[in-house]
Amino acid sequence: MRYSTQTDDTGKPIPLYDADGFEGMRKAGALGAATLDFIGDYIKPGVTTQELDQLLEQFQRDGGGVPATIGYHGYPAASCISVNHVVCHGIPSEKKRLKKGDILNIDVTPIVDGYYGDNSRMYVVGEPSVLAKRLIDATYEAMMAAIATVKPGSKLSDIGRAIEQVAKREGFSVVRDFCGHGVGKVFHDAPQVLHYVRKDSKEITLEPGMIFTIEPMINTGRFEVKVLPDGWTAVTKDHSLSAQFEHSIGVTEDGVEIFTLSAEEKAERAAIAS
Ligand code: MF3
Ligand code: CO
Ligand code: CO
């Protein structure tokens, strides 16, 4: 494994992946995206988040993947399912039944041949409120605007700037307690990818071969979160709604490759390119 000469805020060296690494991430990312495509059909009033978790775990295993979250620092499930004011790391539960109007994030990370395909999306049960729809649209726009800044020579902080700009325009706030991360042959690696601009953060210049996630969490209310006594579930302190999207991406020689595109996103990009 090659490493960049740059380290991130945590002092860890940033891995640089070669063509084999990108190929590995393509496979893992494709299974991650397929898992999130698959589970969409099961999101209905009355289903429990545990049932969704069991379905997507089986889908991943059938596809040759192992869910990275099971046993990760003691985490008990194959996915995180975060409903309404849950910001992230919602634990699937037989007690959590979806109802009309709920919005939820499902986050999965299948390991395929040693590579981690980390991605998440928002879903709605029936029709979302006007505010919920605006939040979900803005969060997706923020993630894609951040991805659009990624190319060799650009700054890691451009990502947080792009996300904050969209959130601010909508009067929403960006969660600070969780960040994106290097990914690849390791679940959570350097660099740490902030979704906001921190003045005292070390500037990192992007280099071909860097692979990381961008996974902004945006709240309709204030940015503060708290973790519930289960040690995982993070909720907005003010109980406002929260949304998140996540892609795993790689810096190429001339831009960016997204490893976890959905079927729908792929079709959209193909339509634009033609
Ligand atoms: N998939 C999450 C991320 O985007 C991490 C979940 S770790 C877990 O980084 F243990 F909470 F599942
Ligand atoms: Co994730
Ligand atoms: Co992640």
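Residues numbered from 1 in each chain as written. Chains lettered and ligands numbered in written order. Predicted model: local features only at pLDDT ≥ 70, side-chain atom pairs only at ≥ 80, totals over all residues. Heavy atoms only, no water.

**Student:** Please give an account of the sheet that holds strand 3 (residues 66–67) that cites residues and values.
**Tutor:** Taken together, the three strands give an open sheet; going across it, the order is 3-7-8, and neighbouring strands pair in antiparallel fashion. Looking at which strands have only one partner, the edges of the open sheet turn out to be strand 3 and strand 8 (115–116). Sheet topology note: the strand 3/strand 7 (residues 110–112) ladder contains two bridges and is antiparallel. Each residue of the ladder has a partner; that of Pro67, found in strand 7, is Pro110. (Pairing = 2+ DSSP bridges. Helix = DSSP H or I, 4+ residues; strand = E, 2+ residues; numbered from the N terminus.)

**Student:** Outline the site of ligand 1, listing residues and values.
**Tutor:** Near ligand 1, the surroundings consist of 14 residues, among which Thr69, Asp107, His188, Glu215 and Glu246 are the closest. Between ligand 1 and the protein, one listed contact pairs an oxygen atom with a side-chain N or O atom of Asp118 at 3.1 Å. One of the side-chain nitrogen or oxygen atoms of Glu215 is found 2.8 Å away from an oxygen atom of ligand 1. Look at ligand 1: alone it shows 340 Å² of surface, and the protein chains cover 96% of it. Considering only residue class, the shell around ligand 1 consists of five nonpolar, five polar and four charged. (Near = heavy atom within 4 Å. Polar contact = N/O pair within 3.5 Å; in protein donor to acceptor, adjacent residues only side chain to side chain. Areas by Shrake-Rupley, 256 points an atom, 1.4 Å probe, with all protein chains shown as cover. Nonpolar A, V, L, I, M, F, W, Y, C, P; charged D, E, K, R; others polar.)

**Student:** Tell me what's going on with the coordination of the cobalt ion (ligand 2), and back it up with residues and numbers.
**Tutor:** At 2.0 to 2.4 Å from the cobalt ion (ligand 2) lie its protein donor atoms, namely Asp107 (OD), Asp107 (OD), Asp118 (OD) and Glu246 (OE). Taken together, the six donor atoms coordinating the cobalt ion (ligand 2) span angles of 58 to 169° at the metal, a pattern that classifies the geometry as irregular. Mapping the donors of the cobalt ion (ligand 2) onto the primary sequence yields the spacing D-x10-D-x127-E. In this structure the cobalt ion (ligand 3) is found 3.3 Å away from the cobalt ion (ligand 2), and Asp118 serves as a bridging donor for the pair. Here the residue Asp107 occupies a position in strand 6 (residues 103–108), and Glu246 occupies one in the loop between strand 17 (242–244) and strand 18 (247–251), the gap between them amounting to 139 residues. (Donors = N, O, S within 2.8 Å, 3.2 Å for Na, K, Ca; no water. Tetrahedral: all angles 85-135°; square planar, octahedral: opposite > 155°, others 65-115°.)

**Student:** Could you give an account of the coordination of the cobalt ion (ligand 3), with specific residues and numbers?
**Tutor:** The protein atoms that coordinate the cobalt ion (ligand 3) are Asp118 (OD), His181 (NE2), Glu215 (OE) and Glu246 (OE), at distances spanning 2.0 to 2.2 Å. Considering all six donor atoms around the cobalt ion (ligand 3), the spread of angles at the metal, 52 to 160°, places the coordination shape in the irregular class. All donor residues of the cobalt ion (ligand 3) come from one chain, and their arrangement in sequence is D-x62-H-x33-E-x30-E. Using a relative accessible area of 3% as the deciding quantity, one classes Asp118 as buried. (Buried < 20%, exposed > 50% of the residue type's maximum accessible area, 1.4 Å probe, protein only.)

**Student:** Kindly report on the packing of aromatic side chains, identifying the contributing residues and their values.
**Tutor:** The relative placement of two aromatic rings is captured by the distance of their centres and the angle of their planes. The final tally for this structure, using the stated rule, is seven aromatic pairs. Measuring from ring centre to ring centre gives 5.1 Å for Phe38 and Tyr42, while their planes differ by 50°; the resulting arrangement is tilted. Ring geometry for Tyr116 versus Phe187: centroids 5.5 Å apart, planes at 25°, classification stacked. On the criterion of sequence distance, the pair formed by Tyr116 in strand 8 and Phe187 in the loop between strand 11 (180–182) and strand 12 (189–193) is long-range, its members being 71 residues apart. (Phe/Tyr/Trp six-rings, centres within 6.5 Å; stacked < 30°, edge-to-face > 60°.)

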